[in-house]
Amino acid sequence: MEITRRCDYACRIIRAAYENGDKYESVGEIAQREQIPLAFARNIRSELVDAGYLQTIRGVRGGIRLNCDPAKVTLYDVMTAIQGPMGVSPCTIEDGYCSCRNTCQYNAVWRAADKLMNDLLKSLVLVDLFEMGADHPALKAVLSDDKQ
């Protein structure tokens, strides 16, 4: 599974909105700070507004701000809103993609990998992720094997 550039940018925009608290900030300022092409950021902003994660106001004092409870929204929620269903192989998420789906030994491996990945993303509530970063217990548990 590959995280699309659009999804990465959406996550950065959400984080920037979180960091701004109740203050509105222009999408242009966020795009510049997060090194996101402005046209791309505007398009993603619209998707995040449609999904209910951002609120936008026009005008001189306008901009965007978070429109969701970051203690209830997970990284999985944001990513699937932008990218759709996620899987390591299309055969695990697209019905009819492969005629061997029910008899393939690899399909079970890919489904297991999907479950592990999605469970991790569902465990990362935005406020905890933004406040703890790499010190988040779910990330530390998975990454502890990297130090060996």
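None of these values were measured; they are calculated from a predicted model. Along each chain, residue indices are assigned from 1 in the same order as the chain's sequence is written. This being a predicted model, a pLDDT of at least 70 is required before a residue's local features are given, and a value of 80 or more before pairs of side-chain atoms are given or counted; all residues contribute to the totals for chains, interfaces and linings. Excluded from the side-chain calculations are hydrogens and water; all other atoms, namely the structure's heavy atoms, are used.

Focus: the pattern of salt bridges
Phase 1: Whenever Lys or Arg places a side-chain nitrogen within 4 Å of a carboxyl oxygen from Asp or Glu, that contact is recorded as a salt bridge. Under the definition given, this model contains six salt bridges.
Phase 2: E25 is the partner of R33 in a salt bridge, and the nearest nitrogen-oxygen pair spans 2.7 Å.
Phase 3: What you see here is one network of salt bridges that share partners, running through R15, E19 and E34.

Concerning the packing of helix α1 (residues 5-19) against helix α4 (residues 75-83)
Phase 1: In contact at an axis separation of 9 Å, α1 and α4 are set at 135° when each is read in the N-to-C sense. Taken as axis vectors, α1 and α4 run oblique relative to one another. α1 and α4 meet at a crossing whose hand is right-handed. Here α1 contributes R6, C7, A10, C11 and I14 to the contact with α4, which in turn contributes L75, V78, M79, I82 and Q83.
Phase 2: All amino acids are sorted into three groups, where Ala, Val, Leu, Ile, Met, Phe, Trp, Tyr, Cys and Pro are nonpolar, Asp, Glu, Lys and Arg are charged, and the leftover types, Gly among them, are polar. In the contact of α1 with α4, the residues fall into eight nonpolar, one polar and one charged. Lines fitted to C-alpha atoms define the axes, with helix axes restricted to the stretch in contact, and inter-axis angles between N-to-C directions lie between 0 and 180 degrees. Secondary structure follows DSSP: runs of H or I at least 4 residues long count as helices, runs of E at least 2 residues long count as strands, and numbering of each begins at the N terminus. Note on angle classes: values under 35 degrees are labelled roughly parallel, values over 145 roughly antiparallel, values of 65 to 115 roughly perpendicular, and the remainder oblique. Note on convention: the crossing is left-handed when the near helix lies turned anticlockwise from the far helix by less than a right angle, right-handed when the turn is clockwise. Note on contacts: a residue pair is in contact if any heavy atoms of the two residues lie within 4.5 Å.

Topic: a nonpolar patch on the surface
Phase 1: Only residues whose relative accessible area exceeds 30% and that form no salt bridge are eligible for patches; like-charged ones are grouped when within 9 Å, while nonpolar side chains (Val, Leu, Ile, Met, Phe, Trp, Tyr) are grouped when within 5 Å. Only the protein chains shown count as cover for residues, and the accessible areas themselves come from Shrake-Rupley with a 1.4 Å probe. On the surface, a nonpolar cluster with roughly 530 Å² of combined accessible area is contributed by M1, I3, V88, Y106, V109 and W110.
Phase 2: Mapped onto the fold, Y106 is located in helix α6 (residues 105-123).
Phase 3: Taking relative accessible area as the criterion, Y106 reaches 54% and is therefore assigned exposed. Note on classification: 1.4 Å probe, protein chains only; a residue is buried when its accessible area is under 20% of the maximum for its type, exposed when over 50%, partly exposed between these limits.

Considering α4
Phase 1: Looking at α4, one finds that the buried residues are L75, V78, M79 and I82. Viewed end-on, α4 has its buried residues packed into an arc of 95°, placing them on one side of the element.
Phase 2: In the core, the buried residues of α4 are packed alongside α1, α3 (38-50), α6 and α7 (126-132).
Phase 3: Just downstream of α4, G84 is the residue with a positive phi angle, here 85°. Comment: arc refers to directions from the helix axis out to C-beta atoms.

So, the confidence of the model for the chain
Phase 1: Here the chain averages 91 in pLDDT, and 97% of its residues register 70 or above.
Phase 2: pLDDT measures how confident the predictor is about each residue, on a scale from 0 to 100. Of all the helices and strands in the chain, helix α5 (residues 90-93) carries the lowest mean pLDDT, 84, while α1 carries the highest, 96.

Examining the packing of aromatic side chains
Phase 1: Stacked, tilted and edge-to-face are the three classes applied to pairs of Phe, Tyr and Trp rings, where Trp contributes its six-membered ring and a pair requires centres within 6.5 Å; stacked means planes under 30 degrees apart, edge-to-face means over 60, and tilted covers the rest. Following the criterion strictly, the structure yields three aromatic pairs and no others.
Phase 2: Look at Y18 and F130: their rings are 5.0 Å apart centre to centre, the planes differ by 40°, and that puts the pair in the tilted class. Taken as a pair, Y18 in helix α1 and F130 in helix α7 lie far apart in primary sequence, 112 residues in all.
Phase 3: Consider the rings of Y106 and W110, whose centres lie 5.8 Å apart with planes at 20°: the pair is stacked. With a gap of four residues between them, Y106 and W110 both fall in helix α6, about one helical turn apart.
Phase 4: For W110, a relative accessible area of 32% translates into the label partly exposed.
Phase 5: The positively charged end of K122 is found above the aromatic ring belonging to Y76, 4.7 Å away from the centroid. Only when the NZ of Lys or the CZ of Arg is both within 6 Å of the ring centre and within 35 degrees of the ring normal is a charge said to sit over the ring.

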